[in-house]
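Residue strings, one per chain:
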Amino acid sequence: AQSVTQLDSQVPVFEEAPVELRCNYSSSVSVYLFWYVQYPNQGLQLLLKYLSGSTLVESINGFEAEFNKSQTSFHLRKPSVHISDTAEYFCAVSLRGSNYKLTFGKGTLLTVNP
Amino acid sequence: EAGVTQFPSHSVIEKGQTVTLRCDPISGHDNLYWYRRVMGKEIKFLLHFVKESKQDESGMPNNRFLAERTGGTYSTLKVQPAELEDSGVYFCASSQDDRISYNEQFFGPGTRLTVL
């Protein structure tokens, strides 16, 4: 069975600082990788995904994540965060060719302070 | 286009009572998923419908949970009788036909269930 580890439950940073949210996964078969974000009082939104091809994927709001197969990681980065990036971020995997059910990490609460 | 909706947004019930959660997926989405997040834990898969059929219910905790999807449209998740450990946020997600390729799961806002 696959599993996802998000080592940091909370990450406080100052506005305009860089941030990295770590995600490692474990699976015996190939997976798809995702980052979801949950803003306060809202549902989960897909931030970015890796299905195949280029190992570096980007979102429209400046986040990027890189799939590293050898390290089984999919860390999320942003070079300069905004107050509006304050949210909980979830890393998730699903098995290729499966019913695409998602296995999530425990989430990382990113708090951006002025 | 309306997104995934869930009702109610919050529910507070006493142990032993019955609660029914509802999910309306995006129109035309064949796939419907239920997930649950217990406080302090990760979001966990409960089950997956393809149209009206249960494709995978391996995540259902026990037989106090019953999910249905009438006519392949909305879905309900009934908990009967509710126990304290059932408290958490229940998420519903839907996606288009993904037999050929992956399609994004769109999540609803969740139902926060509190069992006292």
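Residues numbered from 1 in each chain as written. Chains lettered and ligands numbered in written order. Predicted model: local features only at pLDDT ≥ 70, side-chain atom pairs only at ≥ 80, totals over all residues. Heavy atoms only, no water.

Chemist: Got a minute to help me understand the environment of Ser11 of chain B in this structure?
Modeler: Residue and element names in this part refer to chain B. You can see Ser11 is positioned in strand E2 (residues 10–13). Among the residues examined, Ser11 registers a relative accessible area of 11% and is labelled buried. Between the alpha carbons of Ser11 and Ser87 there is a distance of 9.7 Å; along the sequence they are 76 residues apart. Leaving out residues up to four positions away in the same chain, Ser11 has contacts with Val19, Arg112, Leu113 and Thr114. (Helix = DSSP H or I, 4+ residues; strand = E, 2+ residues; numbered from the N terminus. Buried < 20%, exposed > 50% of the residue type's maximum accessible area, 1.4 Å probe, protein only. Contact = heavy atoms within 4.5 Å.)

Chemist: I'm lost on the interface of chain A and chain B in this one. Help?
Modeler: Accessible area lost when the parts come together is the quantity often used to give the size of an interface. Taken together, the contact between chain A and chain B spans 19 residues of the former and 20 residues of the latter. Across the chain A/chain B interface, buried area totals approximately 1,700 Å², and carbon plus sulfur atoms make up 59% of it. Scanning the region where chain A abuts chain B turns up two salt bridges. Two residues, Lys101 of chain A and Asp56 of chain B, come together in a salt bridge whose shortest N-O distance is 3.0 Å. One can count six residue pairs in polar contact (both at pLDDT 80 or more) joining chain A with chain B. Elements that contribute at least two residues to the side of chain A that touches chain B include exactly strand E5 (31–38), strand E6 (44–50) and strand E10 (87–95) of chain A. (Buried area = accessible area lost by both parts, 1.4 Å probe. Salt bridge = Lys/Arg side-chain N within 4 Å of Asp/Glu carboxyl O. Polar contact = N/O pair within 3.5 Å; in protein donor to acceptor, adjacent residues only side chain to side chain.)

Chemist: How do you make sense of unusual backbone geometry when you look at a structure like this?
Modeler: Negative phi is the rule for most residues except glycine; trans is the rule for most peptide bonds. The linkage connecting Phe7 of chain B with the following residue, Pro8 of chain B, adopts the cis geometry, with an omega of -5 degrees. Positionally, Pro8 of chain B belongs in the loop between strand E1 (5–7) and E2. A cis geometry characterises the amide bond from Gln80 of chain B onward to Pro81 of chain B, with omega recorded as -10 degrees. One non-glycine residue, Glu16 of chain A, adopts positive backbone phi at about 75 degrees.

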